[in-house]
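# Residue-level structure breakdown
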Amino acid sequence: MKWTSVQWEGTFDGIKDPIAIVDIDFMVVRANRHFAMKPSQERGYEFSCHKVFANSEFICRGCPVALALETGQPQRGQVRRGSRYYDVLSYPIRLNDDQVSTNVINHYVDVTDSRELHGRMIQSEKMAAVGLLAGNIAHELNNPLTGIRSLAQVLMAEVPKSGTLREDIVEVEKAAERSQKIIENLLGFSKGESDQKQVLVSLNEIVRRTLPMLKTAMREHRSEILLAPEELMVKVEPHLMQQVVFNLVNNACQAMIDAGTVSIETSNNEDEEGRAWSIVQVSDTGSGIPQDIIESIFEPFFTTKEKGQGTGLGLSMSQSVIQNFGGEIRV
Ligand SMILES: Nc1ncnc2c1ncn2[C@@H]1O[C@H](COP(=O)(O)OP(=O)(O)O)[C@@H](O)[C@H]1O
Ligand SMILES: [Mg+2]
């Protein structure tokens with residue numbers, strides 16, 4: 001049986017991956033149904049492949065077609081269509097008697113999901129490394145901090161019961177104590193202990209208890225605290241939850257160059273599946289997070305701040321903490 005072009009077309013349309021024959025000028029010679037970005041779009045023919053595939057005026061970044069034609073060998077590349085990524089295998093073919101190939105057949109495979117999985121794997125590996133590092137640092141810092149605390153206590157016994165000197169020493173002792181608390185959290189965090197100590201607490205209470213720690217950060221800004229009238233009970237590890245709220249508010253304050261307003265709001269909501277969520281929302285009047293870094297902000301060590309201002313760990317830690325509690329962080 002001799003196959004007609006309709007039969008061939010039907011065959012290629014049966015393949016769910018985009019496939020196209022493209023000429024040396026990036027024009028579509030033939031394409032299957034899945035090649036067009038929009039199903040309603042014309043199959044192409046007198047259109048360029050980047051127009052039909054990705055609705056773009058420009059040759060896709062990572063396109064292997066030119067190299068395949070130049071070398072006469074199959075080439076592989078990776079291109080984007082909207083938010084999805086495709087591996088492209090570009091095979092040079094000869095459609096006429098010329099010795100050189102002036103056409104390629106491109107086979108596109110959607111690799112978005114495995115790319116994302118890979119990204120998440122790298123992220124969780126990085127987090128594991130951070131945990132290990134944090135654990136070691138925490139151990140190292142614990143001894144000198146104990147030293148500072150006990151010397152502060154010795155000093156306190158020697159100075160007059162009232163006066164600024166005593167107040168200063170009290171502050172030193174308190175700061176060292178707070179540092180030890182943070183370290184304790186870090187140690188718990190790096191050992192992945194957090195889920196063992198989850199208890200039912202009021203979200204409003206968490207916010208209330210975090211506010212005093214934020215005094216310095218919020219000093220130059222106005223604050224709006226809108227707590228839900230009812231107590232929203234959440235099952236979390238309270239210290240870690242406090243650290244998450246602290247991180248978010250601290251970021252908000254740092255994001256406002258001039259004096260601005262930071263608001264902290266608690267509320268509850270039900271999703272489409274009828275599950276109840278307790279929400280703590282932190283917003284600021286800064287310029288917002290630039291679109292081009294949104295994908296990176298949860299990565300460990302990602303920071304746009306100067307040395308000493310940011311570690312880039314706040315959001316990545318907050319995210320793993322919240323995920324451990326069965327929640328999520330949304331931007
Ligand atoms: N409220 C915010 N407004 C603008 N950018 C923000 C805000 N919160 C976080 N970011 C961005 O996300 C980055 C990562 O935040 P984070 O993980 O807390 O690390 P760090 O605060 O140490 O830089 C910040 O450097 C900043 O660029
Ligand atoms: Mg931060």
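Residues numbered from 1 in each chain as written. Chains lettered and ligands numbered in written order. Predicted model: local features only at pLDDT ≥ 70, side-chain atom pairs only at ≥ 80, totals over all residues. Heavy atoms only, no water.

## Observations regarding empty space enclosed by the protein
Taken as a whole, this structure holds two cavities of 30 Å³ or more when the rule is applied. One number sums up the size of the largest cavity: a volume of about 80 Å³. For the lining of the largest cavity, the secondary-structure elements that each account for two or more residues are helix 2 (49-54) and strand 5 (103-110). In terms of residue count, the dominant contributor to the lining of the largest cavity is helix 2 (three residues). (1 Å grid on protein atoms, 1.4 Å probe; cavity = no way out; pocket = protein on both sides within 12 Å on 5 of 7 lines; lining within 4 Å. Points joined across faces, edges and corners; volume = space filled by probe spheres on them. Helix = DSSP H or I, 4+ residues; strand = E, 2+ residues; numbered from the N terminus.)

## Focus on the environment of Glu184
Looking at the secondary structure, you find Glu184 in helix 5 (residues 164-190). Since its relative accessible area comes to 53%, Glu184 is described here as exposed. It is 9.8 Å that separates the C-alpha atoms of Glu184 and His239, two residues lying 55 residues apart in sequence. (Buried < 20%, exposed > 50% of the residue type's maximum accessible area, 1.4 Å probe, protein only.)

## Let's talk about the pattern of salt bridges
As enumerated under the stated definition, the model contains 12 salt bridges in all. Note that Lys174 and Glu171 form a salt bridge whose closest N and O atoms lie 3.6 Å from each other. Taken together, the positions of Lys174 and Glu171, both in helix 5 and three residues apart, correspond to about one turn of that helix. Given a relative accessible area of 41%, Lys174 falls into the partly exposed group. (Salt bridge = Lys/Arg side-chain N within 4 Å of Asp/Glu carboxyl O.)

## Some points on the domain arrangement of the protein chain
Parsing the protein chain into structural domains produces domain 1 (5-110), domain 2 (111-191) and domain 3 (195-331). Distance between the C-alpha centres of domain 1 and domain 2: 55 Å. Taken together, the contact between domain 1 and domain 2 spans eight residues of the former and four residues of the latter. Of all residues in domain 1, the largest losses of buried area upon contact with domain 2 belong to Gln78, Arg84 and Tyr85, amounting jointly to 69% of the total for that side. (Domains from an automatic or database assignment. Contact = heavy atoms within 4.5 Å. Buried area = accessible area lost by both parts, 1.4 Å probe.)

## Some words on the sheet that holds strand 1 (residues 19-23)
Pairing is antiparallel in the open sheet, where five strands are placed in the order 2-1-5-4-3. A single partner strand is all that each edge strand has here, and the edge strands are strand 2 (28-31) and strand 3 (75-81). Neighbour-to-neighbour, the strand axes of the sheet open up by a mean angle of 30°, direction not taken into account. Inspection of the sheet shows strand 4 (residues 84-93) paired to strand 5 by eight bridges, in the antiparallel sense. When the sheet's bridge partners are listed, Ser90 is paired in strand 5 with Asn106. (Pairing = 2+ DSSP bridges. Axes fitted to C-alpha atoms, helices over the stretch in contact; angles between N-to-C directions.)

## What about the site of ligand 1?
Lining the immediate environment of ligand 1, one finds 17 residues, of which Thr303, Thr304, Lys305, Gly312 and Leu315 sit closest. A distance of 2.5 Å separates an oxygen atom of ligand 1 from a polar side-chain atom of Thr303. Separating an oxygen atom of ligand 1 from a side-chain N or O atom of Thr304 is a distance of 2.5 Å. Burial of ligand 1 by the protein amounts to 90% of the accessible area it has alone, namely 540 Å². Taken together, the elements giving at least two residues each to the shell around ligand 1 come down to helix 8 (238-255) and helix 9 (314-324). In terms of residue count, the dominant contributor to the shell around ligand 1 is helix 8 (three residues). Considered class by class, the residues forming the shell around ligand 1 number seven nonpolar, eight polar and two charged. (Near = heavy atom within 4 Å. Polar contact = N/O pair within 3.5 Å; in protein donor to acceptor, adjacent residues only side chain to side chain. Areas by Shrake-Rupley, 256 points an atom, 1.4 Å probe, with all protein chains shown as cover. Nonpolar A, V, L, I, M, F, W, Y, C, P; charged D, E, K, R; others polar.)

## A short note on the nonpolar core
In terms of nonpolar packing, the biggest core is built from 28 residues, with Val236, Met241, Val249, Val262 and Phe325 touching the most fellow members. Listing elements by their share of this core, those giving two or more residues are helix 6 (203-210), strand 8 (233-236), helix 8, strand 9 (261-270) and helix 9. Counting residues per element, this core draws most heavily on helix 8, which supplies seven residues. In terms of nonpolar packing, the next biggest core, distinct from the first, is built from 20 residues, Val28, Ala31, Ala36 and Phe53 among them. (Core = buried A, V, L, I, M, F, W, Y, C linked by side-chain atoms within 4.5 Å.)

## Some points on the sheet that holds strand 9
With mixed pairing, the three strands of this open sheet are ordered in space as 7-9-10. In this open sheet, the two strands that pair with only one neighbour each are strand 7 (222-226) and strand 10 (276-284). Going from strand to strand, the sheet's axes swing by 15° on average, the running direction of each strand aside. Sheet topology note: the strand 9/strand 10 ladder contains nine bridges and is antiparallel. The residue bridging Ser263 from the neighbouring strand is Ser283, located in strand 10. Of the strands in this sheet, strand 9 and strand 10 are in contact with helix 8, which crosses strand 10 at around 30°.

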